[in-house]
Structure formats: C-alpha cells, structure tokens
Amino acid sequence: MTKNSAQPEAAIKTHSIATAAQSVGVSVQTVRLYELRGLITPARTSGGTRRYRADDLARLRQISDLIERGVNLAGIGIILELEAENDGLREKLAARPRRQRMD
C-alpha cells in the first residue's frame, strides 16, 4: 500500500520499468541494479511484473541526483536509511501530545 491509503490500489497510476527508467534518464538495467542493491522496491503484479508509482519515480530521481554528485551506491543506501529514520522520528515527535514536547 502507498502512503496515500485513501485511494484503492487499482486507481493508483503505475509505470513499467521502461517508462520509469526513461523518465529518470537511466537504463532499465540501472533500475534493476538499484533494486538489487535494495535502493528501491517497486510493487509487483501477481505475475511478478514491476510497477513503479510516483514515489518510486521520486526515489529514482533522488538516487540519480546523488550519483551525479559523486555518491556511490553504498553511500546512497546509507543516506536513504538515515532519511527514513529521520522521517520516522519526525512522525513520532509530531504524534506526541503538545505538552510532552515542552518538557
């Protein structure tokens, strides 16, 4: 399920690996490599076909930007993990009652 759980899965626009790769300006093999390294995890159809959502495309763009800045794939993995951890901590902090935040 995506972050926006209000939409049924069938209504969420998805893209093929070829379309995703082309929109980011990388090859299909590069996208497969990113998946192999755990940098991206696309949804799959019941037949196993990869389907890329808008958030997957955003992540692919982020990975491409980091590559252009000279970050290697191991470094990108660490950056993405830290960003996810920070997002989780922000959500926890936002969920705390206001009074607890002031203590």
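The preceding data block contains the structure.
Just so you know, these numbers come straight off a predicted model, no measurement behind them.

Teacher, can you tell me more about the nonpolar core here?
When a protein is soluble and globular, its nonpolar side chains tend to lie buried together. Judged by nonpolar contacts, the single largest core of 16 residues is most densely connected at Val31, Tyr34, Leu39, Tyr52, Leu60, Ile63 and Ile76. Only α1 (17–24), α2 (28–36), α3 (54–68) and α4 (73–95) provide two or more residues apiece to this core. Here Val31 is in contact with Ile17, Ala21, Val26, Ile40, Tyr52 and Leu60, once residues within four sequence places are set aside.

I'm lost on the pattern of salt bridges in this one. Help?
Two side chains that carry opposite charge are able to pair once their charged atoms sit near each other. One pass over the full model with this rule turns up three salt bridges. For Arg50, the salt bridge goes to Glu35, with nearest N and O atoms at 2.4 Å. With Arg50 in strand β2 (residues 50–51) and Glu35 in helix α2, this residue pair connects regions lying 15 residues apart in the sequence. Given a relative accessible area of 18%, Glu35 falls into the buried group. Asp87 serves as the salt-bridge partner of Arg90, at 3.3 Å between the closest nitrogen and oxygen. You can see Arg90 and its partner Asp87 sitting in helix α4, three residues apart, about one turn around the helix. A cluster of three or more residues bridged by salt bridges with shared partners is formed by Glu35, Arg44 and Arg50.

Would you take a moment to explain α4 for this structure?
The end-to-end C-alpha separation of α4 is 33 Å, in line with the 33 Å expected for 23 residues at 1.5 Å each. Burial in α4 covers these residues: Leu73, Gly75, Ile76, Gly77 and Leu80. Elements in contact with the buried residues of α4: α2 and α3. Between the side-chain oxygen at the start of α4 and the backbone nitrogen of Ala74 there is a gap of 3.3 Å, and the oxygen is on Asn72.

The rules behind the values
In this convention, every chain numbers its residues from 1, walking through the sequence in written order. Given that this is a predicted model, residues contribute local features only at a pLDDT of at least 70 and side-chain atom pairs are listed and counted only at 80 or more, while totals for whole chains, interfaces and linings are drawn from all residues. Side-chain descriptors were evaluated using all non-hydrogen atoms of the structure, hydrogens and water having been removed beforehand. The criterion is simple. A nonpolar core is a set of buried Ala, Val, Leu, Ile, Met, Phe, Trp, Tyr and Cys residues joined through side-chain atoms within 4.5 Å. Whether a residue is buried, partly exposed or exposed follows from its accessible area with a 1.4 Å probe, protein chains only, as a fraction of its type maximum: under 20%, in between, or over 50%, in that order. Helical segments are the DSSP runs of H or I of at least four residues, strand segments are the runs of E of at least two, and each set is numbered from the N terminus. Residue contacts are counted whenever heavy atoms from the two residues lie within 4.5 Å of one another. Salt bridge criterion: a side-chain nitrogen from Lys or Arg within 4 Å of a carboxyl oxygen from Asp or Glu. Multiplying 1.5 Å by the helix residue count minus one yields the expected span of that helix. Contacts described as polar in this section are N or O atom pairs within 3.5 Å, which, within protein, must combine one atom able to donate a hydrogen with one able to accept it, while residues neighboring in sequence count only if both atoms come from side chains.

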